[in-house]
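Overview (structure and organization)
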Amino acid sequence: MDKIEVGEVFTIVDELDEDQEVEVLAKVTLEGTDYVAVSFLEDVQAESEEDIDVFFLKIDDDGELSAIETDEEFDKVSEAFDEILEEE
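Bear in mind that the values here come from a model prediction, so they are computed numbers and not experimental data.

Our next topic: the nonpolar core. Grouped together as the largest cluster of nonpolar side chains are 10 residues: Ala26, Val28, Leu30, Tyr35, Ala37, Phe56, Ile68, Val77, Ala80 and Phe81. Elements with a minimum of two residues in this core: β2 (19–30), β3 (33–40) and α2 (71–87). Aside from chain neighbours lying at most four places away, what touches Val28 is Thr33, Asp34, Tyr35, Ala80, Phe81 and Ile84. Residues Phe10, Val22, Val24 and Val38 belong to the second largest nonpolar core, which totals eight residues.

To continue, consider unusual backbone geometry. Of note, Asp17 is a non-glycine position whose phi angle comes to about 65°, a positive value. The topology assignment puts Asp17 in the loop between β1 (9–13) and β2. Here Glu31, not a glycine, exhibits a phi torsion of approximately 50°, which is positive. Tracing the sequence through the fold places Glu31 in the loop between β2 and β3. A residue is classified by how much of its surface remains accessible, and Glu31, at 71% relative accessible area, is exposed.

Right, let's get into the environment of Glu64. Of note, Glu64 is situated in the loop between β4 (55–59) and β5 (65–67). Relative accessible area serves as the criterion here: at 38%, Glu64 is assigned to the partly exposed category. Sequence spacing of Glu64 and Lys3 is 61 residues, and the spatial spacing of their C-alpha atoms is 9.5 Å.

Reading the values: rules and limits
Residues numbered from 1 in each chain as written. Predicted model: local features only at pLDDT ≥ 70, side-chain atom pairs only at ≥ 80, totals over all residues. Heavy atoms only, no water. Core = buried A, V, L, I, M, F, W, Y, C linked by side-chain atoms within 4.5 Å. Buried < 20%, exposed > 50% of the residue type's maximum accessible area, 1.4 Å probe, protein only. Helix = DSSP H or I, 4+ residues; strand = E, 2+ residues; numbered from the N terminus. Contact = heavy atoms within 4.5 Å.

Dropping the structure here:
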């Protein structure tokens, strides 16, 4: 996979094995590892006042996306993205 950028839209397979389009909302690098915050494209385009679901994914050395594996890693990434999104 090529370098992932904020605003990019791509398809992932969810836990039900269904294709879902997501948009990259933010990107951060922590301790040499890249992470992206994504949300379902349908939710982003709806532009409603309701909160949208945001998911965090890790970008591995090959540029592939994977799930965050530990609660500790998730908490660290979540805090970093909270800081980024508060600035916007």
